[in-house]
Amino acid sequence: MLLSSHFPSSYQGRRRSRSHAVKQRGGKSLCEALVEDHYSPCNINACENSRFCPKHGIEYRDRTREYKEASTRAHNLHSAIRKIPRNLTRFPTVQSIQPAINLVEKYLYEAECELRLRREHHLRFFARDGPDEGHRARIDITEERIYFCRQ
């Protein structure tokens, strides 16, 4: 499933800016995160020079770290997968195929984890604007790699 099915086409190519912040009385910006239900907006003032309140600012940082760590693990495994021969006759024995299968399974797990974490992150913190081009490109590439590994 491609990313475009998760976000309306109007989100494609849009960049986030502070001008999109929700304003409250007195000109203060409200936190742009959605609360845990992924539907209701947070009603707390955003920190100065931030899109988020203190609680969601910390959560944003932690969730960003989580998906980036999953991305790094998936990337490292993908580099190893690229060295696996696609032609089964290149494996000397049937038993020598199992480590390659295990490696692909590990990659699929990490890549799917990265996709899930990125999508949750986008829905929670960028519901209004959708993901930026870099995030969309990364998700599309990861989806293509998962598809290729499953073939």
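Since the model is a prediction, treat every value here as computed from it, not as a measurement. Numbering of residues starts from 1 in each chain and follows the order in which that chain's sequence is written. The model is predicted, so local features are restricted to residues of pLDDT at least 70 and side-chain atom pairs to those at 80 or more, both for listing and for counting; the totals for chains, interfaces and linings are taken over all residues. Where side-chain values are given, they derive from all heavy atoms of the structure, hydrogens and water being excluded.

Explain the confidence of the model for the chain residue by residue, including any values.
In low-pLDDT segments, the atomic positions of the prediction should not be examined closely. Scored by pLDDT, the chain comes out at a mean of 81, with 82% of its residues at no less than 70. Confidence drops under pLDDT 50 across residues 1–21; counting only partners more than four residues distant or on other chains, this segment forms 48 contacts. pLDDT gives the predictor's per-residue confidence on a scale running from 0 to 100. For this analysis, residues touch if any pair of their heavy atoms sits within 4.5 Å.

I'd love a proper account of the side chain of R124, names of residues and values included.
With respect to the element layout, R124 can be found in helix 2 (residues 98–125). Using a 1.4 Å probe on the protein chains alone, a residue whose accessible area is under 20% of its type maximum counts as buried, one over 50% counts as exposed, and one in between counts as partly exposed. R124 sits in the buried class, given a relative accessible area of 2%. N or O atoms within 3.5 Å of each other form a polar contact, as long as, within protein, one can give a hydrogen and the other can take it, and as long as residues adjacent in sequence are counted only when both atoms are side-chain atoms. A polar side-chain atom of R124 sits 2.3 Å from the main-chain carbonyl oxygen of L34. Within the structure, the side chain of R124 is placed 3.3 Å from the side chain of E36, a separation counted as a polar contact. Residues in contact with R124, not counting those within four places in the same chain, are E32, A33, L34, V35, E36, H38, H56, E59 and R63. Numbered from the N terminus, helices here are DSSP runs of H or I no shorter than four residues, and strands are runs of E no shorter than two.

I'd like to hear about the packing of helix 1 (residues 54–81) against helix 2, residue by residue, with values.
Here the axes come from fitting lines to C-alpha atoms, over the contacting stretch only for helices, and the angles between their N-to-C directions go from 0 to 180 degrees. Direction vectors running N to C along helix 1 and helix 2 enclose 155 degrees, while the axes themselves pass 8 Å from each other. The angle between the axes of helix 1 and helix 2 places the two elements in the roughly antiparallel class. Of the two possible hands of crossing, helix 1 and helix 2 adopt the one that is left-handed. Among the residues forming the contact of helix 1 with helix 2, the class breakdown is 14 nonpolar, 5 polar and 10 charged. Angle categories: roughly parallel below 35 degrees, roughly antiparallel above 145, roughly perpendicular from 65 to 115, and oblique for all the rest. Helix crossings get a hand from a simple test, with the near helix turned counterclockwise from the far one by less than a right angle marking a left-handed crossing and a clockwise turn marking a right-handed one. Following the grouping adopted for this structure description, the nonpolar residues are Ala, Val, Leu, Ile, Met, Phe, Trp, Tyr, Cys and Pro, the charged ones are Asp, Glu, Lys and Arg, and the polar ones are all others, Gly among them.

An account of the state of the cysteines is requested, with residue identities and associated values reported.
Any two cysteine sulfur atoms lying within 2.5 Å of each other are counted as a disulfide. Applying the stated criterion across every chain, the model contains 0 disulfides. Between C47, a free cysteine, and C53, which holds the nearest cysteine sulfur, the sulfur-to-sulfur gap is 6.9 Å. Given the relative accessible area of 31%, C47 is considered partly exposed.

So what's going on with the environment of Q151? Residues and values would help.
Looking at the element boundaries, Q151 is found in the segment after helix 3 (133–150). Of the residues examined, Q151 reaches a relative accessible area of 54% and is grouped as exposed. Within the structure, Q151 has its side chain in polar contact with the backbone oxygen of Y147 (distance 3.2 Å).

Can you lay out the nonpolar core for me, pointing to particular residues and giving the numbers?
Residues I81, I84, V104, Y107, L108 and C149 are the most contacted members of the largest nonpolar core, which totals 15 residues. Of all elements in the fold, only helix 1, helix 2 and helix 3 reach the threshold of two or more residues within this core. Looking at which element gives the most residues to this core, the answer is helix 2, with 6 residues. Beyond its immediate sequence surroundings of up to four residues, I84 is in contact with F91, A100, L103 and V104. One finds C31, C42, C53 and F126 within the second-largest nonpolar core, a separate group that totals 7 residues. Only buried residues count toward a nonpolar core. Its members are Ala, Val, Leu, Ile, Met, Phe, Trp, Tyr and Cys residues joined through side-chain atoms within 4.5 Å.

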